[in-house]
Amino acid sequence: MSCLQTIADYSLRSIGYGERLLPRGDFTLCQQFTLIGSGMIWNIYFGVLALLAGFFLATAVALGKSSNVWILRKASEWFIFIFRGSPLFIQFFFAYFLFVALKGSVPALGAFTAPWLGALTVLFLNTAAYSGEIFYGALLSIPKGDTEAADAYGFSGLKKFRKITWPTMLRLAWPAYTNEAIFLFHATTLVYFSGFPALKQRGDALYYANYFADKTFNPFVPYPILAGYFILLTLVVIGFFSIVNNRLNRHLPQNTRPKIKIRPKLIR
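Structure report, in brief. For every chain, the first residue of the written sequence is number 1, and numbering continues from 1 along that sequence. Local features in this predicted model are restricted to residues of pLDDT 70 or higher, and side-chain atom pairs are both shown and tallied only at a pLDDT of 80 or more, whereas totals for entire chains, interfaces and linings draw on every residue. Side-chain figures throughout are based on the complete set of non-hydrogen atoms in the structure, without hydrogens or water.

## Topic: the layout of surface pockets
Approximately 310 Å³ is the volume attributed to the largest pocket. A run of DSSP states H or I qualifies as a helix once it reaches four residues; a run of E qualifies as a strand once it reaches two. Both are numbered from the N-terminal end. Mapped onto the lining of the largest pocket, the elements with two or more residues apiece are α2 (29-65), α7 (157-187) and α9 (222-248). Three residue categories are used. Nonpolar comprises Ala, Val, Leu, Ile, Met, Phe, Trp, Tyr, Cys and Pro, charged comprises Asp, Glu, Lys and Arg, and polar comprises the others, including Gly. Class assignment of the residues belonging to the lining of the largest pocket gives a composition of 15 nonpolar, no polar and no charged. In this analysis a 1.4 Å probe is tested at points of a 1 Å grid over the protein atoms alone, and where it fits but cannot get out there is a cavity; an open set with protein on both sides within 12 Å along at least five of seven lines is a pocket; lining residues have an atom within 4 Å of a point. Grid points are joined across faces, edges and corners, and a volume is the space filled by probe spheres set on the points.

Okay, structure coming up:
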């Protein structure tokens, strides 16, 4: 089988298109690159949607934690504490069995036992908690002169938040938020190893890398391929967030704009 035929058969296998059966022997580099790359579709799906939804919830959580309303402040604090205080792997594990238990009494929740929704929900809540703390710290760091100037110009309420508070918060939080986004994409590899089952042998990139490592008894080929894909994905994320960072700081001179600095997290 040629490499082009392998790509045609397996490039979309992780989402249900192409060859149904996985290769059983005589694994080629092309097969490993193609199938692991196919699994990256799920990692990108989890990361992009969780990041988009988590961004807005994180903003709400940060505002809630800085609120003078006691119930909003405490709800935000406990939300952040629970999801930052427990390992993501354990959150996946308990969420899956919670959804399975609820499925019996509320059949409509059955979709949450599937990774595409259940695992996405966990990632969304987890990144919202971490990002909410980042945004809260940025809120506290907003220069007092900015808010005083807004008051002097007669800005108040939603207009003040939209024109002054929110943009300044994003400018201050963006470098740290970039690191959170990178880690979120890396964390998507935990989905199929923490309770959520892969249906019909359709999983993410790590699922296929593990398959080849188990079959060949040689982890030194599939795992470096997996690492290479994630390095490329990380470069794309850094590039996109750098563009947004430049946009947020477009009013500053070129040489004074804060640069994106990547600080990898070794453990979470």
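Here the narrative resumes, following the displayed structure.
## Things to note about the packing of α2 against α9
Convention adopted: a line fitted to C-alpha atoms gives each axis, helices being fitted over their contacting stretch, and angles between N-to-C directions are expressed from 0 to 180 degrees. Two elements in contact, α2 and α9, have axes separated by 10 Å at closest approach and are oriented at 40°. Note on packing geometry: the crossing formed by α2 with α9 is right-handed. Between α2 and α9, the contacting residues are Leu-29, Gln-32, Phe-33, Ile-36, Gly-37, Met-40, Asn-43, Ile-44 and Leu-51 on the first element and Pro-222, Ile-225, Leu-226, Tyr-229, Phe-230, Leu-233 and Phe-241 on the second. For the contact of α2 with α9, a count of residues per class yields 13 nonpolar, 3 polar and no charged. Each crossing is labelled by how the near helix is turned from the far one, with a counterclockwise turn of less than a right angle marking it left-handed and a clockwise turn marking it right-handed. The contact rule is simple, with two residues in contact once any of their heavy atoms fall within 4.5 Å.

## Focus: helix α1 (residues 3-10)
Those residues of α1 that sit buried are Thr-6, Asp-9 and Tyr-10. The buried residues of α1 occupy an angular sector of 75° when projected down its axis, which confines them to one face. Summarising the geometry of α1, the exposed residues directed more than 90 degrees from the buried face are Leu-4 and Ala-8. On its buried side, α1 packs onto α2. The classification of residues rests on relative accessible area computed with a 1.4 Å probe and restricted to protein chains. Under 20% of the type maximum is buried, over 50% is exposed, and intermediate values are partly exposed. To obtain the arc, one takes the directions from the helix axis to the C-beta atoms.

## Description of the pattern of salt bridges
Salt bridges are counted wherever a side-chain nitrogen of Lys or Arg sits within 4 Å of a carboxyl oxygen of Asp or Glu. Tallied over the entire structure, the rule returns 3 salt bridges. Put simply, Asp-151 and Lys-160 hold a salt bridge, and the shortest N to O gap is 3.1 Å.

## Brief notes about the nonpolar core
Counting residues in hydrophobic clusters, the biggest one holds 55 residues, and the most contacted among them are Ile-36, Phe-46, Phe-92, Leu-123, Phe-135 and Val-191. Looking at this core, the elements with two or more residues in it are α2, α4 (88-105), α5 (118-140), α7, α8 (205-216) and α9. In terms of residue count, α7 provides more of this core than any other element does, 11 residues in total. With residues up to four places along the chain from it excluded, the contact list for Val-191 reads Phe-46, Phe-92, Pro-115, Ala-119, Leu-123 and Phe-196. Residues enter a nonpolar core if they are buried and are Ala, Val, Leu, Ile, Met, Phe, Trp, Tyr or Cys, with the set joined through side-chain atoms within 4.5 Å. Residues Phe-79, Ile-80, Ala-128 and Ala-129 belong to the second largest nonpolar core, which totals 6 residues.

## Observations concerning a nonpolar patch on the surface
Surface patches are defined over residues having more than 30% relative accessible area and no salt bridge, joining like charges when they lie within 9 Å and nonpolar side chains (Val, Leu, Ile, Met, Phe, Trp, Tyr) when within 5 Å. Exposure was quantified through the Shrake-Rupley algorithm and a 1.4 Å probe, taking into account, for residues, occlusion by the shown protein chains and nothing else. Taken together, the side chains of Phe-89, Ile-90, Phe-93, Phe-94, Phe-97 and Phe-193 present a nonpolar region at the surface, about 560 Å² in accessible area. Structurally, Phe-193 is set in the loop between α7 and α8.

## Focus on the state of the cysteines
Cysteine sulfur atoms are paired as a disulfide whenever they fall within 2.5 Å. Evaluated as defined, the whole model comprises 1 disulfide. With a sulfur-sulfur separation of 2.1 Å, Cys-3 is cross-linked through a disulfide to Cys-30. Every disulfide takes its handedness from the sign of the S-S torsion; for Cys-3 and Cys-30 that torsion is 85°, giving right-handed. Of this pair, Cys-3 sits in helix α1 while Cys-30 sits in helix α2; the two residues are 27 residues apart in sequence, bridging distant segments of the chain.

## So, unusual backbone geometry
The phi torsion of most residues other than glycine is negative, and most of the peptide bonds are trans. Of note, the phi angle at Lys-200 is positive, near 55°, even though the residue is not glycine. Mapped onto the elements, Lys-200 comes out in the loop between α7 and α8. What makes Lys-200 exposed here is its relative accessible area of 66%. Although it is not a glycine, Phe-217 adopts a positive phi angle of roughly 55°.

## Points about the side chain of Ser-67
Mapped onto the elements of the fold, Ser-67 is located in the loop between α2 and α3 (70-85). Leaving out residues up to four positions away in the same chain, Ser-67 has contacts with Leu-72 and Arg-73.

## Remarks on the side chain of Thr-127
Mapped onto the fold, Thr-127 is located in helix α5. Separated by 2.8 Å, the side chains of Thr-127 and Glu-180 make a polar contact. Residues adjacent in sequence count toward polar contacts only when both atoms are side-chain atoms; beyond that, a polar contact is any pair of N or O atoms within 3.5 Å, and within protein one must be able to donate a hydrogen and the other to accept it.

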